[in-house]
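Below, each chain spelled out in residue letters.
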Amino acid sequence: MNTYIALVKREILDGKNGYIRVPAILAAITIALVVLSATGLGELNLVEDFDRHEIENIGDALAMAKEREGAELPAAVTVGYWMLSVLTWMAFPFVIFFSLLGSLYEERRDRSILFWKSMPVDDWQEVLVKLFTTVLIAPLIFLAVTIAAQLIIAFFLSIVVLFQGGPVMSLWPLGLMISSWFSAIGHYVIWALWALPALAWVLFVSAYASRLPFMWAILVPVVIIAAEGMFFETYEVARWIAIQLGAWQDFAFQGVHPNIDGPRDVLGLVFGRAQWEAFTYSVTSGRFWFGLVVAAGFVFGAIELRKRAT
C-alpha cells in the first residue's frame with residue numbers, strides 16, 4: 001500500500017501544474033469576478049414591472065427571492081454555485097487528455113524511464129497508477145478546489161449581505177451543497193467508465209509513440225473514420241466513439257420526461273433521477289461492457305509496450 005501511495009504522490013507532483021495550479025488559478029479568477037461583480041452592484045436600481053419594487057443591492061434581491069420563492073431559494077443558490085464553477089471545469093478535459101498523453105511518453109523522451117525501471121516497481125503498477133491518478137485522483141482535486149471556491153464565495157457574499165441587511169443563512173444550503181458534491185462524484189464515475197476506452201487509447205499512444213503523440217492520438221481515429229466512410233459509406237466507428245464520450249446519455253435518459261418548474265426540479269433531476277437512470281442504463285448496456293473490454297486491451301498494450309521500452 002505504501003508503494004502505491006508513493007507512486008500516486010509522485011504522479012501528483014509531476015502533474016501539479018495541471019492537477020493543482022490550473023483549477024486553483026481558474027477558481028481564483030472566478031472568485032475575483034464574483035468579488036468585482038458584488039462590489040459593483042451596490043446600487044442595482046432594478047425595477048420589477050409588476051410591482052415597481054426597487055432592488056438596490058444583493059441583500060434586497062435575496063430578501064425578495066426568499067419572500068416570493070422561499071422553497072426554491074436553497075436549490076437556486078446551490079445551482080448558482082455550480083454555475084460559478086463552470087470556468088474551473090472547462091479546463092478539466094484538457095488536463096486529463098494531455099496528462100495521459102504525456103504520462104508514458106515523457107519518461108521515454110527524457111530517458112527517466114531507465115531510473116524508474118531500476119526501482120522495485122512492476123510496469124503494470126506504474127501504468128495503472130498513472131491511469132488511476134489521472135482519471136480518479138485529478139477530478140477529486142478539481143472537486144476539492146471547486147468546493148473550496150464555493151465556500152469562499154458563500155462566505156464573501158455572506159459578509160456583503162450581512163451589511164446590506166439580507167437573509168445571510170439563505171446563502172448556506174449546506175444539505176443541498178453537500179449532496180450535490182457527492183452526486184457529482186457519482187455521475188463522474190459513470191462518465192469516466194464510459195469514456196475509459198478513449199482514455200486508455202490515449203495512454204496506449206503515450207506508450208507507443210516515439211514522436212508527436214498528439215498526432216497519433218487524433219489522426220489514427222480520424223483516418224479510420226475517413227476510411228470507413230470512403231469504402232463502406234458508414235460511420236459506425238465515429239458513432240461508437242461519440243457514444244463512449246457522452247452520447248450514451250441520449251439513450252440513458254430517453255425515458256426521462258422532466259417537469260421543470262424551478263431550480264429545485266433542476267437540482268433533483270441532475271443530482272437525483274438522472275443519476276439512477278445513468279447507472280441502471282450503464283450496467284445493463286452491452287456497449288458499456290464492451291467498452292470496458294476495449295479499454296482493458298489498450299491498458300494491457302500500454303503495459304507490454306512499457307516493458308519493452310528502454
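Notes on the structure in this doc start here. One numbering rule holds for all chains: residues counted from 1, following each sequence as written. pLDDT decides what is reported in this predicted model: residues at 70 or higher carry local features, side-chain atom pairs at 80 or more are listed and counted, and totals for whole chains, interfaces and linings draw on all residues regardless. To obtain the side-chain values, all non-hydrogen atoms of the structure were included, while hydrogens and water were left out.

1. Comments concerning a nonpolar patch on the surface
- A patch is a set of surface residues, each over 30% in relative accessible area and not in a salt bridge, joined within 9 Å for like charges and within 5 Å for the nonpolar side chains Val, Leu, Ile, Met, Phe, Trp and Tyr. Shrake-Rupley sampling with a 1.4 Å probe provides the accessible areas, and residues are treated as covered by the protein chains on show and by no other component. Should a side-chain nitrogen of Lys or Arg be within 4 Å of a carboxyl oxygen of Asp or Glu, the pair is scored as a salt bridge. Residues F94, F98, Y208, L212, F214, M215, W216, I218, L219, V222 and V223 make up a contiguous nonpolar surface patch of roughly 1100 Å² in combined accessible area.
- The way it works is that DSSP assigns letters per residue, a run of H or I at least four long becomes a helix, a run of E at least two long becomes a strand, and they are numbered from the N terminus. For the nonpolar patch, the secondary-structure elements that each account for two or more residues are α6 (92-103) and α11 (213-231).
- Residue contributions to the nonpolar patch peak at 7 residues, all from α11.
- Summarising the element assignment, F214 is placed in helix α11.

2. Brief notes about the environment of F253
- Of note, F253 is situated in the loop between α12 (236-252) and α13 (263-283).
- Relative accessibility thresholds used throughout: buried, under 20% of the residue-type maximum; exposed, over 50%; partly exposed, between the two (1.4 Å probe, protein chains only). Residue class for F253 comes out partly exposed when judged on its relative accessible area of 23%.
- Distance from F253 to Y281, taken between C-alpha atoms, is 8.6 Å for residues 28 residues apart in sequence.

3. Some words on the packing of α11 against α12
- Taken N-terminus to C-terminus, the directions of α11 and α12 make an angle of 135°; their axes are 8 Å apart at the nearest point. Compared by their axis directions, α11 and α12 come out oblique. Residue-level inspection shows P221, I224, I225 and E228 of α11 in contact with α12, the latter providing E236, V237, A238 and I241.
- Residues of the contact of α11 with α12, tallied by class, amount to 6 nonpolar, no polar and 2 charged. Lines fitted to the C-alpha atoms define the axes, with helices restricted to the stretch that makes contact. Angles between their N-to-C directions range from 0 to 180 degrees. Should an angle lie under 35 degrees it is considered roughly parallel, over 145 roughly antiparallel, and from 65 to 115 roughly perpendicular; all remaining angles are considered oblique. Note on contacts: a residue pair is in contact if any heavy atoms of the two residues lie within 4.5 Å. Each residue gets one of three labels, nonpolar for Ala, Val, Leu, Ile, Met, Phe, Trp, Tyr, Cys and Pro, charged for Asp, Glu, Lys and Arg, and polar for the others, Gly among them.

4. Remarks on the pattern of salt bridges
- Within this structure, the stated rule accounts for 10 salt bridges.
- Note that R109 is salt-bridged to E106, the shortest N-O span being 2.8 Å. Here R109 pairs with E106, and both are found in helix α7 (residues 105-109), just 3 residues apart, close to one helical turn.
- Judged by its relative accessible area of 31%, E106 is partly exposed.
- Linking E304 and R308 is a salt bridge whose minimum nitrogen-to-oxygen distance equals 3.0 Å. One end of the pair, E304, and the other, R308, are both in helix α14 (residues 286-308), 4 residues apart, so they sit about a helical turn from each other.
- Through salt bridges with shared partners, a single ionic network connects R10, E11, D14, E107, D123, E126, K130 and R306.

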